[in-house]
Every structure is written in C-alpha cells, then in structure tokens.
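# Summary of structural features
As a plain string of letters, each chain reads:
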Amino acid sequence: MKQPSYTRRTRVVLAVAIAVGALFVARLAYIQIFHASTYNNDSAGSMSSTTTLFGTRGSIVDSNGTVLAEAQMRYNVTASPVQAENSFTRTVNGQTVTVTPTQAAQEIAKYTKQDPNTVIGALNDALAANANSEYAVIAKSVDLSTYRALNRLNIPWLYFEQAPSRIYPNGAVAGNLVGFMGEDGTPLAGLELQQNKCLAGVNGEVVSDRSVNGGVVIPGSTVVTKPGKDGGTLKLTIDADLQWYVQQVLAKQGRAQHSRWGIAVVEEVKTGRLLAVADYPSVDPNNVNGTSAAYRGANSFTSPYEPGSIMKPLTAAMALDEGKANPFSPVKATYSVTYPNGANFHDDEHHISNLTLTGVLVESSNVGISKIGSRVSARDRYNYMMKFGMGSKTAVNFLGESGGIVYPWQNWDNQSYYTQMFGQGFTTTAIQMASAYQTLGNGGLRLPVSLIDSCTSSDGTVTKPAAGTAVQTVKPATARTVVNMMNNVANKAWYRKLIAIPGYEMATKTGTAQQSNGHGGYSSKYVVSLEGLIPAQNPQYVILVTFSNTDMNTTGADAPVFKAIANQLIKQYRIQPNRSNVVNYPLTY
Amino acid sequence: MSTAAQRTQAPWYAVPDVVRTSLRGIRGSLGAKRSRLAFVAVAVAGPLVIILLQLVLSIFSSSNAFEIDTLQTANKDLSRSYIAVNQRVSELSSPSHLARTAEAMGMVPSSTPAYLRLSDGNITGHPTAASSSSALMRGANATLVPNAQLAGAPRVSLAGKIPAVSVAGAPIVGGSVALPKQPSGSSSISTTK
C-alpha cells in the first residue's frame, strides 16, 4: 500500500536534486569556462597579494658589540601620475577642501626637501612618456619620519615601496674598513663587499588573500611561499672607541701638518689582532661623496710604500739572529759611503761616527746599518724579509690588499743590495710593518694578523675565519735584544721628549722615506713614520703612525700622534707604570 | 514484482514494514513513528545549526580580521619606531658625539695617565693636570671624523638649566705627589652653542 508512494517521492526528490545539480553545473561552467578569464583578471591583485619578506642584512660590530653598520628600512616615494592629474578632496576640521595636483606636490616637496617643481616634473615627464602612466619615482630612500609625514597627507595617488638600506651609527669610525653600499643595496667597498656572503640576507615571499575593501588580510590565508633568511653578524677585532680616538688624533695632526695622507695602526702583540686601523682622510659611509675617491678605502692595506728606516730594527735582528752582531758591535758609521760595487749613499744628518749597533739605531745611520746588515748574505736577508711577512698579503686578505713588492734577491741591483737594509728599494703596507714589529714584541713569533673575529649566522652558527700560521722568524733572544735596543732608541733619540710618558718605557724607531714624485724621480717631501712597542719590558701593543707630505717633513710630525695613542692605550687597557728592567746599552765605543 | 523483491529494493531511508513484522502491536508502531520524527528533526536541524554556526564564526573571524590588521599595523609601526629610536641612541652614543659633548662641557682627555692604588693610597705614574691644549674637538677638528647621521643631533649648551662647571682649580687631595695648579688659560675652554 505504501510502496508506490515511496517510489513516487523518491523520483520527485531525485528529479529536483538533478535539476538543482544541473543548475550548479551550468553556472560552474559559465564561470569557470566561458567567463574564466574575466574573473581571473578581476581576482588577480585584488584578492590575493604577494608580499616580500625582506631578509635583513646582518650588522657589522666591533669587538665589544658596538654597531658599526646595520640595516635600516627606508622608503621610496612613488606616484601614479595618471591619477595625479586630478584634484582630490580632503576633510580638514569637518570641511571639505579640494587639493590640486600642484598643491599636493608642494606638500610632498616640503617633506622630501625637494623643489616642488622637481616633484611636478617627475609626474609630467612620466605622463609625457605615457599618458596612462601609473608609476613615477618621486624620492628615493626617505627615512621613517618623512615616510610617516607623507603618509599622513593622505594623497590618494602617492605610494610607498620599502627600500632596505644601511646606516652607520658611528659615521666615519672604521669607515675605511667597513666600506659602504650603493643606494640600491649593492655592497660597493670594504668588508661590506668582501664579507657579503656572511652579511647578506635572503628575501622571502608571503602570499595572502585580502579583502577587496581595504586590502585586509583574511585570517588563515597567509602562506609563506618562499622562506627568507636574515644575514649574519660580522664581528671585528677593532675596538670602536680606540679606533675613533686614533682616527681623531691622526686627522687632527694630518690637518695641522697639511699632510696628504696618514695611517695609524694598533695591533695586539700577543694575538695579532688589529685594534685600530686608521686612515686619513677617511670616508663616512653615510656620506660617501663627501670624500674623494682615492681615500674611500683602507690605504693601510691597499697602498704599499717604501717604509724607510723603521726597517732598521729588522735588519739588526737579522744580523743578531745570524750571530754576526750584538748591541755593542762597533761600526765606523761615516756620513757617506761608497761600496766596492759602486753603491753610494749618505745619512740625513752628520753625527759622531764611532757608533755601536745600538748607536746606529739611535742615530738612524744608513751607513752604519748597511755595514752591519751586509754581514748577512742577500739570500738570507731576503728569506728573513719573507719570514717577517713582506712580499705577501697578510692573513687578513682585505679587499684589494697589497703584499708590497720585494724583488727576489738575485735581482737586487748594486744600490738596493744596501738600501733595502734601511727600507728603500722595496715596498710594504702599514699593516705588514705593524706585523713585523709584532714579531719582535712577541719573541720572534709572527702571528697571523686578524681583523675579523667571527661571523654569526642568523641561526646562531659561529664561523671563525681560517687562521693563518704563526712563523718563528727570529730566535726569542734575538727579538728581546732588538726590543731592548729600540728601548734605548726611545730614551736617547732626538725625539725622546716628544713621546715620553712619565712612568712608562717604550721601544721605538723612526723612518723618513723618500717617495716617488710621480715622474720617475723622488719627491722632496717624505713619508715619515714612527713605530714602536709598549710597554718595552713586555710588549703588548704595536703602534705605527705614518704621514706623507707634512709641513715638518720629519718624524716630529708623527710624535704627538704616537704619544697620544700610547696614552690612550695606557688608559683604556690599564697598563701599569713600570720603569724596572731597563737595559742600558752604550751608543759609542 | 514480489513484495520480497520490493523490500530488498527499498531505499536505505525506507522504514521497515513494522506493521507486518511486529507481533507486539501498536506500541512498536508508535515508537517507530517517534524515531522517524526525530530522524527528520535531526536531519533538518543539523545542517541548519551547522550553517548558523559557520555564519557566526565567519562573522567573528572577518570582524576580527580588521582588528588583527589594525593591531598588526600598529605593531609594525611601533617596532619601526623602536628600531629608529635605538639607532638614534647608538648614533648619539658614538664616541665622536660623546667627545664633542664632553668638550663642550669643559672636559678634555687627560695627557698623563696615573693610578691611585686604593690599598695604600699610593699614586703610581706622574699625574699632571690636563691643559686646554689637549682638547681634540675644537672648531673644525670636531668634524674630522665625520658622521652624517649626527646632523641635527642636540648640542650641549652650558647656558641651560644646569649651572656650568668651573674648570679651574678643582683640588685633588691625598697621595704623595703634589698636583700642579691648573694653567690660567684653561678657564677659556669655549663651549659650543
């Protein structure tokens, strides 16, 4: 009795269901097949949007964590010129005000610190090129406060792009080492460029659905399509406070002496770590154009020069190490000399001639050192020079670093066979000379020079740069004796009062080197250097100060800078006064 | 078609023919009617509840979306301010700015280091008062190590609320070393206005 009714009902329900289903299918086909492209176009951009997840570039910090370079988000101001042609309205204090494109441009220019016509010109140029132009750059890389002020103007055709940039909170402090970046975020110089692998971040991408009205992200729709990665932190061996001080005193004297360039280096004797490497003039990475192109890098690493008489202690070390001399060795240190091979040269000044080796260093006699140094064969001297680190780059391997030029001993001409002993006829960088004195201060063991402490990646992995090898250059006793002789120099040479710090002993040597005049001859202006170790009894720090083309044209120009740096090291690293164990060598025989 | 065949072909929702199979009479029939009603009620109400719940949830979630967006924007804005302010702090604490500020307040770097040993009050080294000539940041020297980030940084002026410090003759007592008098020229340390 009831079975037929079931059947009928079933059929009706089925028919209705099929009809509805068919309707859906038809609509689906209408949307997905016949009008697919229209809807796709409509949905693209308005519903789903891709955002760049900027991988933040890592910071460069000093040995204490002081930030020398860090990432900063800046903003490019762009406009849609086709929209900008029309005025828009804005409500000010409940009143509707019409803002013309010219007025808007004036408002923008006020904050971007441009000429309003530059803004208008950018819009007009874009419209002249394409009447429907949707994109024109108004200003690049504006800071957060400018971006906020512009955003508050509510100009409907003004848009902003994120522009990751770089900031150097300490300005020119270590700017010569840190380097700088281009406006587009390309590393251009220094460690920024060389250590880009450590510092660079990787940008990621996020796709999310957004509401048509207001572009609000719909919850749960965010998908990271490409994960980004922040860059690592590069830690240097430099001490930013000391670096600033060294740069400041170097620049102050450089300016007073109308010097062309100056370099000051502080290296830690027991570790080979560079604590300060100053160049004058130097670059402020925040304002690269403020410094001429020749001084935007680290000439301390990249520009070798003839070191001059600061080479003499190394020559003395060679003679001592070979057993060919001692601090008391007498030598007839005449004013000038002509050797059998024809080589001839003279000293800068006349002095008494019956000098000991220590006296030769105190008087800085070229003739005296050449007579003692030539007791060691050219081949052995060449090998010592190599062991002192000359002729090859230091372990730092700074961008564009030079190893200087030392010709093989077989190629030494008659003159340079002798002049090399007082630092002429070959070139070294300031860093190489600092490293050579570090060797003397460290018992003859030359440690690899280091500038980079480590790179800490964003996941916390710490990578140390490959450590070079230490080289036992001369015997510990030789190194000790040479430092004692240099201590005698510091206490007895003509400039002793210019560098003396009561209560402290130093070991020093000066150098006045000729330099090329750029026309194949020597200039009348010298490269003057003062290099030394403090404290003399147990050397902790190497200090090297070098100037080119000073008014004084003597190492007297270096002395105040050397003394100021020594003072600062004493204060900053708490070196206790100590005048004990001073070895007094006779200067004459 | 036989009844048996029809029964086997009955759809899954067909209620079994309890009248014919039940020997218990009316009671079973009433129960079956009730269960059928309950089934319909559940079948109708269930989807309704689900639709309503979904509606309520989506209203909540989409209204929250705007709130989340507002909060996220505020968060982003605040973290930008945080970074900007921190960067300003590191700019202002840069050594050149500190030195310039210190010199504007009449301080100069000491030129002769000395130590006071606390255990016995002995002075090691030879303390000498610094003179104004050890100033590093005077005039054009202030910008020798430039920092474009410091443009517009506050400069210390001694004409402010805190009274200026008199540099001359601050006596240091104790120890065995007599401290020389401050040179008379030292009171002329100029301040940056």
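Since the structure is predicted, the reported quantities are computational estimates derived from the model, not experimental observations.

## A look at the sheet that holds strand β8 (residues 204-209) of chain A
Paired through their backbone hydrogen bonds, the strands of a sheet run either parallel or antiparallel. All names here are of chain A. An order of β1-β8-β9 is seen for the three strands of this open sheet, with the pairing classed as antiparallel. Edge positions in the open sheet fall to β1 (48-53) and β9 (223-226), since each of these has one partner strand only. With strand direction ignored, the average angle separating the axes of adjacent strands in the sheet is 30 degrees. Bridge count for β1 against β8 is six bridges, and the pairing is antiparallel. Residue pairing in the sheet places Thr52 in a bridge with Glu205 of β8.

## Describing the environment of Gly21(A)
Among the structural elements, Gly21(A) can be located in helix α1 (residues 3-34). When the C-alpha positions of Gly21(A) and Ile263(A) are compared, they lie 85 Å apart, and in sequence the two are 242 residues distant.

## Re the packing of helix α12 (residues 312-321) of chain A against helix α18 (residues 476-492) of chain A
Residues and elements named next belong to chain A. α18 packs onto α12 with a crossing angle of 140 degrees between their chain directions and a minimal axis gap of 9 Å. Viewed along their axes, α12 and α18 adopt a mutual orientation that is oblique. For the pair α12 and α18, the sense of crossing is right-handed. Here Pro313, Ala316, Ala317, Leu320 and Asp321 of α12 lie close against α18, whose contacting residues are Thr478, Thr481, Val482, Met485 and Met486. Considered class by class, the residues forming the contact of α12 with α18 number seven nonpolar, two polar and one charged.

## Here we look at the interface of chain A and chain B
Chain A puts 47 residues into the contact, and the matching count from chain B is 41 residues. A salt bridge links Arg148(A) to Asp77(B); the shortest N-O distance between them is 3.2 Å. Put simply, chain A and chain B have 18 residue pairs in polar contact (both at pLDDT 80 or more) between them. Counting residues per element, the side of chain A that touches chain B draws most heavily on helix α10 (residues 240-256) of chain A, at 10 residues. Across the side of chain A that touches chain B, the residue classes break down as 24 nonpolar, 15 polar and eight charged.

## Quick word on a nonpolar patch on the surface
Residues and elements named next belong to chain A. A grouping of Val12, Val16, Val20 and Phe24 is seen on the molecular surface, where their side chains present a nonpolar patch of about 380 Å² in accessible area. Summarising the element assignment, Val16 is placed in helix α1. With relative accessibility at 48%, the residue Val16 sits in the partly exposed group.

## Some thoughts on the packing of aromatic side chains
Residue and element names in this part refer to chain A. Scanning the entire structure with this criterion turns up 14 aromatic pairs over all chains. Both rings, one in Tyr75 and one in Tyr147, keep their centres 4.1 Å apart while their planes meet at 15 degrees; by these two values the pair is stacked. Of the two residues, Tyr75 sits in strand β3 (residues 67-79) while Tyr147 sits in helix α6 (residues 144-152), which places them 72 residues apart along the sequence. We note that Tyr75, like Tyr147, is buried. Ring centres of Phe345 and Tyr418 lie 6.5 Å apart, and the angle between their planes is 45 degrees; this geometry places the pair in the tilted category. Remark: Tyr418 occurs in helix α16 (residues 414-419) and Phe345 occurs in strand β15 (residues 344-346); sequence separation between them is 73 residues.

## Some words on the sheet that holds strand β11 (residues 261-268) of chain A
Residue and element names in this part refer to chain A. Taken in spatial order, the five strands make up an open sheet running β12-β11-β23-β22-β21, and their pairing is antiparallel. Either end of the sheet is taken by a strand with one partner, and the two such strands are β12 (274-280) and β21 (507-513). Ignoring strand direction, the axes of neighbouring strands in this sheet form an average angle of 5 degrees. Two strands pair when backbone bridges link them, and β11 and strand β23 (residues 541-548) are joined in this way by eight bridges, in the antiparallel orientation. Bridging from a neighbouring strand, Val266 pairs with Ile543 of β23. Against the sheet, helix α20 (residues 559-572) touches β11, β21, β22 (527-534) and β23, its axis set at about 155 degrees to β23.

## Looking at the state of the cysteines
All names here are of chain A. On inspection of all chains with the given rule, the structure shows one disulfide over all chains. Disulfide pairing is shown between Cys198 and Cys455; the S-S distance is 2.0 Å. Measuring handedness by torsion sign, the sulfur bridge of Cys198 and Cys455 sits at about 95 degrees and is right-handed. Taken together, the residues span a long stretch of sequence, with Cys198 in helix α9 (residues 196-199) and Cys455 in strand β18 (residues 452-456) at a distance of 257 residues. Assigned by exposure class, Cys198 and Cys455 land together as buried.

## Quick look at the side chain of Ser309(A)
All names here are of chain A. For Ser309, the location among the structural elements is in the loop between α11 (299-302) and α12. Residue class for Ser309 comes out buried when judged on its relative accessible area of 8%. Ignoring sequence-local partners within four residues, the contact set of Ser309 consists of Ser364, Asn366, Phe422, Lys509, Thr510, Gly511 and Thr512.

## A look at the side chain of Asn442(A)
Relative to the helices and strands, Asn442(A) is located in the loop between α17 (430-441) and β17 (445-446). Residue contacts for Asn442(A): discarding those within four places in its chain leaves Val269(A), Lys270(A) and Leu447(A).

## Thoughts on the nonpolar core
Residue and element names in this part refer to chain A. Counting 137 residues, the largest nonpolar core has Phe301, Met390 and Ile565 as its most contacted members. Aside from chain neighbours lying at most four places away, what touches Met390 is Met311, Leu314, Met385, Gly403, Val406, Phe426, Thr428, Gln432, Met433 and Ala436. Ile108, Ala109, Val119 and Ile138 belong to the second-largest nonpolar core, a separate cluster that totals 23 residues.

## Structural notes on unusual backbone geometry
Residues and elements named next belong to chain A. For the peptide bond that leads from Tyr280 to Pro281, omega is -5 degrees, which places it in the cis range. Take Pro281: it is sitting in the loop between β12 and α11. At the junction of Ile534 and Pro535, the peptide bond is cis and its omega measures out at -20 degrees in the coordinates. Within the secondary structure, Pro535 is located in the loop between β22 and β23. One non-glycine residue, Asn154, lies in the positive phi region at around 55 degrees. Structurally, Asn154 is set in the loop between α6 and β7 (158-167). Among the residues examined, Asn154 registers a relative accessible area of 59% and is labelled exposed. Positioned with a positive phi, Asn397 is a non-glycine residue whose angle comes to about 50 degrees.

## Re α20(A)
For an α-helix, 3.6 residues make a turn, and residues three or four places apart therefore share a direction. Residues and elements named next belong to chain A. Compared with an ideal rise of 1.5 Å per residue, which puts 14 residues at 20 Å, α20 spans 20 Å between its outermost C-alpha atoms and is within 8% of the ideal. In terms of burial, α20 is a largely internal element, 10 of the 14 residues being buried. Backbone geometry just downstream of α20 places Arg574 in the positive-phi region, at approximately 55 degrees.

## Concerning the environment of Phe66(B)
Residue and element names in this part refer to chain B. Tracing the sequence through the fold places Phe66 in helix α3 (residues 26-92). Judged by its relative accessible area of 44%, Phe66 falls in the partly exposed class. When the C-alpha positions of Phe66 and Arg138 are compared, they lie 56 Å apart, and in sequence the two are 72 residues distant.

## Details of the confidence of the model for chain B
Residue and element names in this part refer to chain B. For chain B, the average pLDDT comes to 71, and 62% of its residues sit at 70 or higher. Here helix α1 (residues 3-9) stands out as the least confident element of chain B, with mean pLDDT 51; helix α4 (residues 95-104) is the most confident, with 89. Across residues 1-7 the pLDDT falls below 50, and counting only partners more than four positions away or on other chains, this stretch makes five contacts in the model. Across residues 157-193, confidence stays below pLDDT 50; counting only partners more than four residues off in sequence or on other chains, it has 39 contacts.

## Details of the environment of Gly125(B)
Inspection of the secondary structure assignment puts Gly125(B) in strand β2 (residues 123-125). Gly125(B) sits in the buried class, given a relative accessible area of 14%. Each C-alpha atom, one on Gly125(B) and one on Ala38(B), is 102 Å from the other, the two residues being 87 residues apart in sequence. Discounting chain neighbours no more than four positions away, the residues touching Gly125(B) are Pro577(A), Pro113(B) and Ala114(B).

Cut-offs used in this document
- Numbering of residues begins from 1 in every chain and follows the order in which that chain's sequence is written.
- Whichever chain is written first is A, and whichever ligand is written first is 1; the rest continue in order.
- The predicted nature of this model means local features are confined to residues of pLDDT at least 70 and side-chain atom pairs, given and counted, to a pLDDT of 80 or more, with totals for whole chains, interfaces and linings taken over all residues.
- Excluding hydrogens and water, the side-chain figures rest on all heavy atoms present in the structure.
- Pairing between strands is defined by DSSP: at least two bridges between them are needed.
- Helix and strand definitions here come from DSSP, where helices need a minimum of 4 consecutive H or I residues and strands a minimum of 2 consecutive E residues; each element is numbered from the N-terminal end.
- Only C-alpha atoms enter the line fits that serve as axes; for helices the fit covers just the stretch in contact. Angles between N-to-C directions range over 0 to 180 degrees.
- If an angle is under 35 degrees, it is roughly parallel; if it is over 145, roughly antiparallel; if it lies from 65 to 115, roughly perpendicular; otherwise it is oblique.
- Working rule for handedness: look at the near helix, and if it is turned counterclockwise from the far one by less than a right angle, call the crossing left-handed; if clockwise, right-handed.
- By the convention used here, residues are in contact when the closest approach between their heavy atoms is within 4.5 Å.
- Under this grouping Gly is polar, as are all residues other than the nonpolar Ala, Val, Leu, Ile, Met, Phe, Trp, Tyr, Cys and Pro and the charged Asp, Glu, Lys and Arg.
- For this analysis, a salt bridge means a side-chain nitrogen from Lys or Arg found within 4 Å of a carboxyl oxygen belonging to Asp or Glu.
- Pairing of N or O atoms within 3.5 Å defines a polar contact, subject to two protein rules: one partner must be a possible hydrogen donor and the other a possible acceptor, and residues neighboring in sequence count only if both atoms are side-chain atoms.
- Every patch collects residues that have over 30% relative accessible area and no salt bridge, joining them within 9 Å if they carry like charges and within 5 Å if they are nonpolar side chains (Val, Leu, Ile, Met, Phe, Trp, Tyr).
- Exposure was quantified through the Shrake-Rupley algorithm and a 1.4 Å probe, taking into account, for residues, occlusion by the shown protein chains and nothing else.
- Exposure categories follow from relative accessible area, calculated using a 1.4 Å probe and restricted to protein chains: below 20% of the type maximum is buried, above 50% is exposed, and the middle band is partly exposed.
- Two rings from Phe, Tyr or Trp (for Trp, the six-membered ring) form a pair when their centres are within 6.5 Å of each other. A pair whose planes differ by under 30 degrees is stacked, one over 60 is edge-to-face, and the rest are tilted.
- Counting rule for disulfides: a pair of cysteine sulfur atoms within 2.5 Å.
- For the purposes of this section, nonpolar cores are sets of buried Ala, Val, Leu, Ile, Met, Phe, Trp, Tyr and Cys residues that join through side-chain atoms within 4.5 Å.
- Multiplying 1.5 Å by the residue count of a helix minus one yields the expected span of that helix.
- Per-residue confidence from the predictor is given as pLDDT, running between 0 and 100.

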